[in-house]
Every structure is written in C-alpha cells, then in structure tokens.
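For reference, the chains in residue letters:
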Amino acid sequence: MFDLLSAKSLDKESVELIRPNEIIIAEKDDEKGRIYTIEKGANKYLYKQLGVTASLSKELFKINKDFWKNVIDYQLEDKDGKRAPFKFEDDNVRYLVDNNYSLIDMTIMSDDYFDDFKSKLDMFMMEVNSLEHTRKFYVEGNGGLVKLVLYRADANIAEDTYTPVVILEVNNKKAEYSIYTGILIYKSFTFIPSMNPVATYQSYIDFVWGLNILGTLELSENSAEELYNSYLDFKSGHIEISARELIRILNKVGYKLELKEDMSLDDIDKLQDEESNMTIKNFFNSFKMSTGETAEDILNLSEVKKIFRYNNLTIVDLLEILSKEYLKDDGAKITAQILSDLVFGLYTKKIDNIDAKSIIDDINNR
C-alpha cells in the first residue's frame with residue numbers, strides 16, 4: 001500500500017542515459033542495473049544540468065541515435081582542462097525512484113543535507129504507514145494522481161459533526177504536489193477544502209522537505225469550525241448552479257454527457273453513485289416539464305442562454321456529489337482544487353447568477 005507515495009534513494013554504482021526518457025542505474029553488487037522511466041520532475045532537473053533541452057534531446061534521438069549519444073557524452077566531458085559541472089556518477093548526485101521503476105526526482109546534495117532529507121522521508125513514510133497519530137483514506141487514480149486524506153487517529157469520524165483533515169495530492173508523473181487543509185462531513189461524505197492549498201510543489205524532494213503532517217493537521221483543526229459554519233450558511237443559502245456552469249464542471253472532471261434516443265440524458269458512466277447520477281439526469285431531463293426543453297435542447301443552447309437555465313440544483317448539491325466521487329478510482333479528475341473552486345464560488349457568489357444579473361441590468365439600462 002502507498003506504493004506511489006513512497007520513494008527511495010539509490011546507492012548507485014553506474015548510470016547511463018539510454019533514451020531521452022530512460023536511464024539505467026546499477027546499484028552496488030548489481031552488474032546489469034535496471035531501466036527507470038524518467039518522470040517530469042527528474043527530467044526537468046536532468047536536462048538543466050546537461051545544458052540541453054528535453055525537447056531537443058527527443059528530436060536528436062529521432063533523427064539519429066548515435067548523434068544524440070555523442071551530444072549527451074559531449075555535454076558530460078571535461079573541457080579546457082576543467083571538470084564538467086555534472087556527471088551522472090558523482091557522489092553528490094542523488095536519484096529518487098518509486099516502486100513502479102520510475103525516476104521521480106534527482107538533485108545534487110551534500111552528504112549531510114541528504115542524510116537530513118532521508119530522515120524527513122523516513123518520517124513521512126512512517127507517519128503514512130502508521131496508525132499511531134492518523135488514519136487515512138487512500139486512492140490511486142488514473143494519470144498517476146494519488147490522493148491521501150488524513151485525520152486524527154482518535155477522531156470518531158462516523159459520529160462527529162465534522163472532522164478536520166489534511167488532503168495530500170501527489171502526482172509523480174506530472175511533478176505536482178499539493179497540500180490542503182479542510183473538513184470532512186462524514187454523514188454526507190462531503191469535503192470542504194480550504195480555498196487555497198497550504199503549499200504546492202513541483203518536486204518530490206521539495207514536497208518531502210516542506211511537509212509537516214501533524215503541524216498541518218493542527219492548522220486544519222484551527223480553521224475547522226469556521227469552515228463548517230460557512231458550509232451551514234451555504235446550505236441554507238440555496239445558491240443554485242446554472243446549466244452552463246454545471247456542464248463546464250462535469251466536462252472538466254471527465255463526465256461525458258450522452259443522450260438517449262428520446263433526447264433525454266442517459267446514465268453518466270463514470271459517476272458511480274446511483275443517487276448522484278439520478279440527480280444530474282433529473283436536472284437536465286426535467287426542463288421538459290418547466291420550459292418544454294429536452295436535455296438535448298439544453299446542451300445545444302448558446303453559452304449565454306445556458307446562464308439563465310436553473311433547475312433547483314445548488315452548488316452545495318454539486319459539491320456533495322463530487323465529494324462522494326473524490327476517492328473513487330474513476331474520480332481522478334476530481335481534485336481538491338476543483339472542490340475548493342466550488343467553495344470559493346460560494347464565498348464570492350461569482351457563479352453565473354452574477355453574469356445573468358449583469359446581462360439583465362445591461363438590457364434594462366439601454
């Protein structure tokens with residue numbers, strides 16, 4: 001478990017770049033070595049050190065592999081009596097790999113600093129794997145995105161009104177790492193994340209350096225009551241969402257809207273919760289009773305006209321629907337940022353009702 005969260009450093013003996021995105025690293029007592037795929041974080045660092053862009057490396061490899069190899073070797077050569085600033089096998093060059101045989105990050109770091117980093121990494125994985133301080137929800141989604149939600153081990157999550165949480169989103173393929181605070185309302189399984197992440201990183205090493213799970217959990221606990229009270233205000237405010245905004249968000253999270261032969265909305269394949277599926281279908285299909293429009297009519301309206309189509313679905317309703325899907329395999333495109341954007345929209349009320357009011361005011365003032 002937690003395979004895509006964990007990483008280890010390699011005690012390298014030899015290193016060779018064999019393709020623009022593949023590298024062989026042999027550890028001590030390993031003659032053959034192993035091929036690792038170079039992911040974005042390591043790729044960015046590697047080519048900066050080589051003084052060649054990743055795109056140029058790919059183009060040269062396509063044109064002529066031997067010429068590509070000569071260019072890479074030339075960049076690693078000593079020149080004018082001076083040692084090259086970077087060599088793959090230098091003692092202070094560090095390689096971090098995951099359990100999927102991917103090189104997820106690399107850096108140049110002294111022994112002392114690297115020992116400190118390894119201690120931080122060990123602490124991180126110990127906290128992730130231990131139930132002493134925190135319990136977790138964990139899912140590995142499509143596209144390499146890993147979601148980890150942590151809360152206090154002694155929390156009565158099923159009975160408490162709300163539970164402070166820390167949300168970690170880790171994507172080694174894209175070198176994207178985000179940390180959010182928030183609350184989970186377990187009875188409706190609704191996440192209310194902070195409006196902004198506590199921190200974001202583009203390097204696994206920086207992520208581990210910057211992460212303090214228990215300290216971040218304390219931040220979450222300090223703001224939890226305020227978030228919950230805001231949620232109650234949002235719930236009672238009954239702020240509806242327009243057809244335009246709903247379609248935009250559903251498309252963004254990968255929900256394909258398909259029609260039946262009678263032009264009503266069909267089941268949404270990736271939306272696993274049956275009640276949520278029914279709610280979304282009802283939003284589109286019940287316009288027939290109020291405006292005479294089919295789901296096809298609503299989907300084919302101009303963007304401006306979609307702003308004026310409301311049908312008793314609130315932003316909080318959509319937040320609750322997406323929250324239920326957040327930790328499911330098919331919910332990889334539902335991120336804490338998307339949930340946060342919904343919350344932000346509730347705070348500012350800058351959804352389509354403001355656009356609609358602006359258009360109406362403009363017409364009335366002519």
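Above this text sits the structure in question.
In this report, the structure presented in the accompanying data block is examined. (Residues numbered from 1 in each chain as written. Predicted model: local features only at pLDDT ≥ 70, side-chain atom pairs only at ≥ 80, totals over all residues. Heavy atoms only, no water.)

1. Describing the side chain of T314
Argument step 1. Residue placement: T314 occurs in strand 14 (residues 310–314).
Argument step 2. A polar contact of 2.9 Å, which involves the side chain of T314, links it to the backbone nitrogen of D317. (Helix = DSSP H or I, 4+ residues; strand = E, 2+ residues; numbered from the N terminus. Polar contact = N/O pair within 3.5 Å; in protein donor to acceptor, adjacent residues only side chain to side chain.)

2. A short note on helix 2 (residues 54–63)
Argument step 1. Along helix 2, the positions that sit buried rather than exposed are S57, L60 and F61. The arc enclosing the buried residues of helix 2, seen along the axis, measures out at 100°, which places them on a common side. Residues of helix 2 that are exposed and point more than 90 degrees away from the buried face comprise K62 and I63.
Argument step 2. Check the buried side of helix 2 and you find it contacts strand 2 (12–19), helix 1 (40–50) and helix 3 (65–75). (Buried < 20%, exposed > 50% of the residue type's maximum accessible area, 1.4 Å probe, protein only. Arc of directions from axis to C-beta. Contact = heavy atoms within 4.5 Å.)

3. A word on the packing of aromatic side chains
Argument step 1. Inspection of every chain in the model, using the stated rule, returns 19 aromatic pairs.
Argument step 2. Summarising the aromatic geometry, the rings of F137 and Y151 are spaced 5.8 Å apart at their centres and angled 35° between planes, so their arrangement reads as tilted. With a gap of 14 residues between them, F137 in strand 7 (residues 134–140) and Y151 in strand 8 (residues 145–152) connect regions that are remote in the sequence.
Argument step 3. Ring centres 6.0 Å apart and planes at 75° place the aromatic pair Y177 and Y204 in the edge-to-face group. Of the two residues, Y177 sits in strand 10 (residues 176–185) while Y204 sits in helix 5 (residues 204–210), which places them 27 residues apart along the sequence. In this structure, Y177 and Y204 share a single accessibility class: buried.
Argument step 4. Connected via pairs of aromatic rings, a cluster forms that spans F137, Y151, Y186, F189, F191 and Y326.
Argument step 5. Directly above the ring of Y74 sits K79, whose terminal nitrogen or CZ lies 4.3 Å from the centroid.
Argument step 6. Across from the ring centre of Y326, 4.1 Å away, lies the NZ or CZ of K147, which sits over that ring. (Phe/Tyr/Trp six-rings, centres within 6.5 Å; stacked < 30°, edge-to-face > 60°. Lys NZ or Arg CZ within 6 Å of the ring centre and 35° of its normal.)

4. Some thoughts on the side chain of S340
Argument step 1. As for its placement among the helices and strands, S340 is situated in helix 13 (residues 336–348).
Argument step 2. Classification of S340 by relative accessible area gives buried; the value is 0%.

5. A few points about the layout of surface pockets
Argument step 1. For the largest pocket, the calculated volume is near 400 Å³.
Argument step 2. Forming the walls of the largest pocket are 21 residues, and the residues nearest its centre are L145, K174, A332, K333 and T335.
Argument step 3. Counted by class, the lining of the largest pocket contains seven nonpolar, eight polar and six charged residues.
Argument step 4. Forming the boundary of the second largest pocket are 13 residues, of which M123, F124, E127, N212 and I213 lie nearest the centre.
Argument step 5. For the lining of the second largest pocket, the secondary structure elements donating two or more residues are helix 4 (111–129) and helix 6 (213–237).
Argument step 6. A total of five residues in the lining of the second largest pocket trace back to one element, the largest contributor, which is helix 4.
Argument step 7. Residues of the lining of the second largest pocket, tallied by class, amount to seven nonpolar, three polar and three charged. (1 Å grid on protein atoms, 1.4 Å probe; cavity = no way out; pocket = protein on both sides within 12 Å on 5 of 7 lines; lining within 4 Å. Points joined across faces, edges and corners; volume = space filled by probe spheres on them. Nonpolar A, V, L, I, M, F, W, Y, C, P; charged D, E, K, R; others polar.)

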